[in-house]
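Structure at a glance
Okay, here's what each chain looks like letter by letter:
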Protein chains: 4
Amino acid sequence: MPDIDLVVRDITQEMQQRTDRGQVATYIPELGRVDPNAFGLVVIGADGKVSAGGDSDTPFSIQSISKVFTLTLALGKIGDRLWQRVGREPSGSPFNSIVQLENERGKPRNPFINAGAIAVTDAILSGHQPREALGEIVRFMQFLAQDPSIKIDEDVAASEQRTGFRNIALANYMKSFGLIENPVDFTLGVYFHHCAIAMSCRQLATAAGFLAYLGRNPSTGLSVVQPERARRINALMLTCGHYDGSGEFAYRVGLPGKSGVGGGIIAIAPGKASIAVWSPGLDAAGNSHLGRIALEELSKRMGWSIFGV
Amino acid sequence: MPDIDLVVRDITQEMQQRTDRGQVATYIPELGRVDPNAFGLVVIGADGKVSAGGDSDTPFSIQSISKVFTLTLALGKIGDRLWQRVGREPSGSPFNSIVQLENERGKPRNPFINAGAIAVTDAILSGHQPREALGEIVRFMQFLAQDPSIKIDEDVAASEQRTGFRNIALANYMKSFGLIENPVDFTLGVYFHHCAIAMSCRQLATAAGFLAYLGRNPSTGLSVVQPERARRINALMLTCGHYDGSGEFAYRVGLPGKSGVGGGIIAIAPGKASIAVWSPGLDAAGNSHLGRIALEELSKRMGWSIFGV
Amino acid sequence: MPDIDLVVRDITQEMQQRTDRGQVATYIPELGRVDPNAFGLVVIGADGKVSAGGDSDTPFSIQSISKVFTLTLALGKIGDRLWQRVGREPSGSPFNSIVQLENERGKPRNPFINAGAIAVTDAILSGHQPREALGEIVRFMQFLAQDPSIKIDEDVAASEQRTGFRNIALANYMKSFGLIENPVDFTLGVYFHHCAIAMSCRQLATAAGFLAYLGRNPSTGLSVVQPERARRINALMLTCGHYDGSGEFAYRVGLPGKSGVGGGIIAIAPGKASIAVWSPGLDAAGNSHLGRIALEELSKRMGWSIFGV
Amino acid sequence: MPDIDLVVRDITQEMQQRTDRGQVATYIPELGRVDPNAFGLVVIGADGKVSAGGDSDTPFSIQSISKVFTLTLALGKIGDRLWQRVGREPSGSPFNSIVQLENERGKPRNPFINAGAIAVTDAILSGHQPREALGEIVRFMQFLAQDPSIKIDEDVAASEQRTGFRNIALANYMKSFGLIENPVDFTLGVYFHHCAIAMSCRQLATAAGFLAYLGRNPSTGLSVVQPERARRINALMLTCGHYDGSGEFAYRVGLPGKSGVGGGIIAIAPGKASIAVWSPGLDAAGNSHLGRIALEELSKRMGWSIFGV
């Protein structure tokens, strides 16, 4: 097996030198201001050892990556009852499609498309005030990463809330089927804010560690979920983690993962590593262009594909 | 690690005693005549060792399981050009949906839905006579399983051809977009026949061995595909192998697999085992009811989930 | 030609005696409180002569019937530019479908489905305050009916606004494509309120008179629109006036018309009569059950079908 | 009222001089060979008086116009039972969409989209041999037009049959739901052939006469259907006669009509005229470009819109 430090170093250098960097998201000005040349990569092994390259400590907007952690939190709170409100199948549609909701009476196909993540957020909120629910989510992230400095980028949250008409449509649509229990504004407020959490690759790879090691994070020593649940969240990431590019990601990278429009991706090599990568430029499907390529290289060089070793 | 022979024996006994056996497919009389109490399970390990339980040597109609092998054959013939004709994403639709085709100008989402498998068959046919193409497919199955006795159940093929209006619709629909190159009757003739191949669990587990071991089958000693290709076929099985139940299968079983309406399922534990199970009764999604449960138990007891060990 | 007074009297009596009355809408309590046995019918002829039967002066919630008048008002304000924002084709979908919007990038198919009527309302609002736009709409109704007593039922409006999640979804969805210019709350506020206007059959038949006589209302003497525009609004009512029951209404009644969930329907016999009918019970498609039957009888007995005389 | 002979002469001259002529259909070579400058217009009044302009006696491929006559024939044979097999609502989809069929379990929305017309043809066939059914249809056309010279263009029929993959898909799709009773090849054979009937504007306007005069054709003296049925066929033409351009045709022309891809359109001014127009170039929606404009002018100049006189 190659040395992981060398592999991380090599891949980081290769990615930093590439000129094909995709397009930075500009639908809100805060995301558009990010340096397109930024690149970070952090790999944390079974022994908690960290291999880091590039801008590994620069916080960025985690966006949809937060959906993995809110799913974990919601499952912790209400268990398998969550699946009455959201499905577990890939959607075959863009991340913000509303067609699927109409065809299935308002029930989102999985927790990683926007509608599904909003339903998960609604389950976390569960009658509390938005501020309390949001505090709980942020504290959960701080706990997972063992880093109390993690916080929400309020400018990003405010911009999302001001322009998120499609998400407002999705939430009201589900509400019309009785599938959102809280006031729509409350649920969406929490949703827009947890997508606006800012974290670095180091923080993300640490926080995701529990998924790589059957629920117990080797670098923090924390037991987060039962082994069964860790496996199942990984399964969901593999089949649904990249919207309508999930099949392609499985095919090329061969690892469960979840991307965000801020350019970050987390990926899990079960039993071997938790990984976070960041490059702000996106490909046509809305996933980090170089982030995906870096993970494909990492998986190949380390022999980490879950589909054959 | 538990003893695989004991686990196979225990699961076989448990499944044989269950009374919830699902519903045997009856859309053609040949399938409807199968004994609903039949159950077979075969696991072949890295050393080629076979663990078998129940009706492990009874041939049954492999139906859609054949799609894995025709995909392998087509990739061997025309390589990645195949992906110009069929996608790699889960469909979010039933196995025989035509809506997706209309939305994407006749290009099937993946090679494991009916439309995609018909397109793959068309690529294998490629100007030859149906008889030749079919001969090639059967010989490929005999080669993979190292068993010259494998053959097509002509009664099943004839029944499928007589009643397969939905598949005729799919093929003609793709043809209207120029995505079927051969006469539709030729392509469908080959398709209906390769779905009607009859094999036992032992033959199927043997034939699928190359997928578990990076392209090289330990029990036959044959190198079938490059490691990369084996991994990628596994990835496709995981994301798309069970139609609109693929997410559920990944979530519960945690192994790449492919089911057929004849009640068979093959599954791959990369580096550890190739598996075939058979129980004719189907669940609501059209997958073998006890077959899926048996695989869930096997994966759990052996710790074989690819999502965490 | 039969005597219209006698025909109206007979039909009214027949409808009052029928026991199949459909189901009163109950999605908001205000509608559910209406007397299910109410029935009104008013026909106004070319000479302004009024034939009235039953509860012809009882105000009811006009609901979607308002869409005909807001369309007229919007065309008066911005003319054919309106058609850049909304189409003119039947939708083949339920009145509140969002699927069609996704397929056509947020542009509603016609001004009589909810999404289209919201877009029309947005065009009327056009930068003004909701209160002003609403005042303009109410004054337009009062002008058309020459009756200053027409007003909004504020309880209905408040209930609609509190529970109209599907419409909120539609409006935000269009907004996400840039097709709603005003703040969504403004546009929806005006929309919910103009649907809550209360009018009697007499007032509605009077207000719709201009559509029956090439834009000039014989009973009020008012010229409202050019002949061409009156014809075109009638054409839109015929093809799109009853959501996914428009074909059925054309087939059975043979007159342009527009129904509302409050149980009212207006219909136009060009050159011969403007008609309003009201019976609160709805059929499965959401149109007044006895209202439609009454119109079918009226059209048949008077020989008013536009499809053959 | 203007003199119809002069109006027909003027419109014919105007259309002959226009240079925007649309695009002639070329999906089969036989249609592509038609002279793009051809133009014919025939109007037959209540007294049987014929006003003809241009190439009024040149036969052309009537294509989908045949659907009006096969609908009439099928209603004559099995009456309202036909509506168990095909609906009466506009489709909101292209003429050859299969999506609608999947959403409604194989039942076509109306008899004028391809799927619906195939279902109507199947009802006519009804266990007979294709040759007999086709003979019946041709004789019906000869009877309606009182012209025994009307016949099928066998070259067109053969080309349609050779390339009609989409229609083969539609028919097999319906068959899979049990909605086609005869062998698919039989039904499609009859369908492709009746679409290939060749008729002139004079023949078409004569044949359609019964629709303009409550079922009784003034020029032939033949009673074809009851008044009610004539009205209802007109209603269906208005709401569904131009596929996804039906709303636009109603809005602009204001007459029931049915177009064919050969460039012909029939239109009905109830009580006033039956009309046939022909110009081979099509607009983007597949309807005759100048044919539609000619009808719009004719309707306007004669004041024939059914939506206001």
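Residues numbered from 1 in each chain as written. Chains lettered and ligands numbered in written order. Predicted model: local features only at pLDDT ≥ 70, side-chain atom pairs only at ≥ 80, totals over all residues.

**Brief notes about the overall build of chain A**
Counted only if it meets this: Each helix is a run of DSSP H or I of at least 4 residues and each strand a run of E of at least 2, with the numbering of both proceeding from the N terminus. Counting other C-beta atoms within 10 Å of each residue's C-beta, where C-beta atoms are placed from the backbone, gives the exposure class: buried for 20 or more, exposed for 12 or fewer, partly exposed between. Here, residues touch in the contact sense if the C-beta positions derived from the backbone fall within 7 Å of one another.
Within chain A, the secondary structure is distributed over 14 helices and 10 strands. For the C-alpha atoms alone, the extent of chain A along its principal axes is close to 55 × 40 × 35 Å. For chain A, with 309 residues in total, the buried portion stands at 65%. Counting contacts in chain A only where the partners sit at least 6 residues apart, residues at least 24 apart contribute 68% of the total.

**With respect to the sheet that holds strand β2 (residues 40-45) of chain B**
Backbone hydrogen bonds hold the strands of a sheet together, and the pairing may be parallel or antiparallel. Residue and element names in this part refer to chain B. Threshold: Here, a strand pair is defined by DSSP locating no fewer than two bridges between the strands. The axes are straight lines fitted to the C-alpha atoms, using for helices just the contacting stretch, and the angles between their N-to-C directions are given from 0 to 180°.
Across the sheet, five strands lie side by side as β3-β2-β9-β8-β7; this open sheet has antiparallel pairing. Across the chains shown, the open sheet's two edge strands, defined by having one partner strand only, are β3 (50-54) and β7 (257-259). Between one strand and the next, the sheet's axes are offset by a mean angle of 10°, whatever the strand orientation. Sheet topology note: the β2/β3 ladder contains five bridges and is antiparallel. The partner of Ile44 across the bridge, within β3, is Val50.

**A short note on the relation of the copies chain A and chain B**
As a reminder of what qualifies: In this comparison the copies share one frame, found by least squares on the C-alpha atoms of residues holding pLDDT of at least 70 in both.
Expressed as a screw transformation, the operator carrying chain A onto chain B has a rotation angle of 180° and an axial translation of 0.0 Å, and the superposed copies differ by an RMSD of 0.0 Å. The superposition operator between the copies reduces to a two-fold rotation axis. When C-alpha positions in chain A are compared against the rotation axis, the closest is assigned to A:Gly92, at 2.3 Å. Here 100% of the contact residues of chain A are again contact residues in chain B; the copies associate through an equivalent surface.

**Observations concerning the relation of the copies chain C and chain A**
Relative to chain A, chain C is turned by 180° and slid 0.0 Å along the rotation axis, the superposed coordinates differing by an RMSD of 0.0 Å. Take the interface residues of chain C: 100% of them recur as interface residues in chain A, which is what a same-surface contact looks like.

**Some thoughts on the interface of chain A and chain B**
So the rule is basically this: Any residue that is not Ala, Val, Leu, Ile, Met, Phe, Trp, Tyr, Cys, Pro, Asp, Glu, Lys or Arg is counted as polar, Gly included; the first ten are nonpolar and the last four charged.
Each partner contributes to the interface: chain A provides 35 residues, whereas chain B provides 35 residues. Among the elements that line the side of chain A that touches chain B, the one with the most residues is helix α12 (residues 227-240) of chain A, at 10 residues. Its residues assigned to classes, the side of chain A that touches chain B comprises 15 nonpolar, 13 polar and seven charged.

**Structural notes on the packing of helix α6 (residues 130-145) of chain C against helix α9 (residues 184-195) of chain C**
All names here are of chain C. Convention followed: Small angles under 35 degrees read as roughly parallel and large ones over 145 as roughly antiparallel, with 65 to 115 read as roughly perpendicular and the rest as oblique. In this scheme the handedness of a crossing depends on how the near helix is turned from the far one: anticlockwise by less than a right angle means left-handed, clockwise means right-handed.
Between α6 and α9, the least distance of the axes is 9 Å, while the angle of their chain directions is 30°. Compared by their axis directions, α6 and α9 come out roughly parallel. Crossing geometry of α6 relative to α9 is assigned as right-handed. When α6 is examined against α9, the residues Pro130, Ala133, Leu134 and Ile137 are found in contact with a partner set consisting of Phe186, Gly189, Val190, His193 and His194.

**Describing the pairing of strand β2 (residues 40-45) of chain A**
Residue and element names in this part refer to chain A. Counting buried positions along β2 yields five of six residues, so the element is predominantly enclosed. Adjacent in sequence and paired antiparallel, β2 and strand β3 (residues 50-54) are bridged by four residues, among which Gly48 carries a positive phi angle near 85°. Here β2 runs beside strand β9 (residues 273-278); their pairing, made up of six bridges, is antiparallel. Opposite Leu41, over in β9, you have Val277 as the bridge partner.

**Some points on the arrangement of the chains**
Over all C-alpha pairs, chain B and chain C never come within contact, reaching a minimum spacing of 10 Å. In this view chain A stays clear of chain D, with the nearest C-alpha atoms of the two still 10 Å from each other.

**Overview of the domain arrangement of chain A**
Residues and elements named next belong to chain A. This is how the line gets drawn: Domain start and stop positions are those given by an automatic or database domain assignment.
Partitioning chain A into structural domains gives domain 1 (4-61 + 199-302) and domain 2 (64-197). Summarising the inter-unit geometry, the C-alpha centres of domain 1 and domain 2 are found 21 Å apart. Residue-level contacts link 30 residues of domain 1 with 32 residues of domain 2. Put simply, the parts of the chain that give the side of domain 1 that touches domain 2 at least two residues each are α2 (29-32), α10 (201-207), α12, β7 (257-259) and β8 (264-269). Among the elements that make up the side of domain 1 that touches domain 2, the one with the highest residue count is α12 (six residues). Per-class residue counts for the side of domain 1 that touches domain 2 are 15 nonpolar, 11 polar and four charged.

**Observations regarding helix α9 (residues 184-195) of chain A**
Our working definition: By this rule, a helix spans an expected 1.5 Å times one less than how many residues it contains.
For α9(A), with 12 residues, the first-to-last C-alpha span of 16 Å sits near the 16 Å given by 1.5 Å per residue. Taken together, the buried positions of α9(A) are occupied by A:Val184, A:Phe186, A:Thr187, A:Leu188, A:Gly189, A:Val190, A:Tyr191, A:Phe192, A:His193, A:His194 and A:Cys195.

**Re the interface of chain C and chain A**
Each partner contributes to the interface: chain C provides 12 residues, whereas chain A provides 12 residues. Every element with two or more residues in the side of chain C that touches chain A is listed here: α4 (99-103) and α8 (165-176) of chain C. Taken together, the residues that form the side of chain C that touches chain A break down as six nonpolar, three polar and three charged.

**Considerations on unusual backbone geometry**
All names here are of chain C. In the Ramachandran plot, Ser126 falls in the positive-phi region, its phi being about 45° despite a non-glycine side chain. Relative to the helices and strands, Ser126 is located in the loop between α5 (114-125) and α6. Classification of Ser126 as partly exposed rests on a count of 13 C-beta atoms within 10 Å. A positive phi angle is found at Tyr243, which is not glycine, with a value near 55°.

**Quick notes on the environment of B:Tyr191**
Of note, B:Tyr191 is situated in helix α9 (residues 184-195). The residues touching B:Tyr191, leaving out its near neighbours within four places in the chain, are B:Ala117, B:Ile118, B:Thr121 and B:Asn167.

**Some words on the sheet that holds strand β5 (residues 151-152) of chain A**
All names here are of chain A. Pairing within the open sheet is antiparallel, and its three strands lie in the order β4-β6-β5. Two strands lie at the open edges of the sheet, namely β4 (60-61) and β5, each paired on one side alone. Strand direction decides the pairing type here: β5 and strand β6 (residues 197-199), joined by two bridges, are antiparallel. Paired with Lys151 across the bridge in β6 is Ala198.

**Some details on the packing of helix α3 (residues 66-78) of chain B against helix α12 (residues 227-240) of chain B**
Residue and element names in this part refer to chain B. At a closest axis distance of 11 Å, the pairing of α3 and α12 adopts a crossing angle of 140°. Classified by the interaxial angle, the pair formed by α3 and α12 is oblique. Helix-helix and strand crossings are classified by hand; for α3 and α12 the assignment is right-handed. Counting all contacts with α3, which are made through Val68, Leu71, Thr72 and Leu75, the residues of α12 involved are Arg229, Ile233 and Met237. Counted by class, the contact of α3 with α12 contains five nonpolar, one polar and one charged residues.

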